[in-house]
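Structural features, examined
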Amino acid sequence: MIERNLGNVERLVRLLMGLLLLCWASLQPGMNGIDWFVVLVAVALVLNGIFSRCYLWYLLDINSSPDGEQAHRVKSTCP
């Protein structure tokens, strides 16, 4: 499991955006491929907001959590 790499404000923004996109998708009369893609992105955003981990940011080595610099330093000093 990866370490937390999202800060609290970003978690809230991702959670709210994911929920808004899910609400929007549920109001659509018919679902096409783009709408299903929006649902997939919305679920990913909600999961990012809940668990405070973003796998894309992990691959790009981005960390916005408050203790991100400290965790990065500890990880780099371990043999």
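Heads up: the structure comes first, above all this text.
Residues numbered from 1 in each chain as written. Predicted model: local features only at pLDDT ≥ 70, side-chain atom pairs only at ≥ 80, totals over all residues. Heavy atoms only, no water.

1. Points about the pattern of salt bridges
Here the structure, examined in full by the defined rule, presents one salt bridge. Note that Glu 10 and Arg 14 form a salt bridge whose closest N and O atoms lie 3.0 Å from each other. Placement of the pair is Glu 10 and Arg 14 together in helix α1 (residues 8-26), with a separation of four residues, close to one helical turn. (Salt bridge = Lys/Arg side-chain N within 4 Å of Asp/Glu carboxyl O. Helix = DSSP H or I, 4+ residues; strand = E, 2+ residues; numbered from the N terminus.)

2. What to know about helix α2 (residues 33-51)
Its 19 residues place the ends of α2 27 Å apart at the C-alpha level, agreeing with the 27 Å of an ideal helix rising 1.5 Å per residue. Among all positions in α2, only Asp 35, Val 38, Val 39, Ala 42, Leu 45, Val 46, Asn 48 and Gly 49 are buried. Those residues of α2 that are buried are in contact with α1. A side-chain oxygen of the first residue of α2 lies 3.2 Å from the backbone nitrogen of Ile 34; this N-cap is Asn 32. The first or second residue beyond α2 is Ser 52, which carries a positive phi of 60°. (Expected span 1.5 Å × (residues − 1). Buried < 20%, exposed > 50% of the residue type's maximum accessible area, 1.4 Å probe, protein only. Contact = heavy atoms within 4.5 Å. Polar contact = N/O pair within 3.5 Å; in protein donor to acceptor, adjacent residues only side chain to side chain.)

3. Examining the environment of Arg 11
For Arg 11, the location among the structural elements is in helix α1. The exposure class assigned to Arg 11 is partly exposed, which follows from its relative accessible area of 23%. Note: C-alpha distance between Arg 11 and Gly 49 (38 residues apart in sequence) is 4.3 Å. When neighbours within four sequence positions are excluded, Arg 11 is seen to be in contact with Arg 4, Leu 6, Gly 49, Ile 50 and Ser 52.

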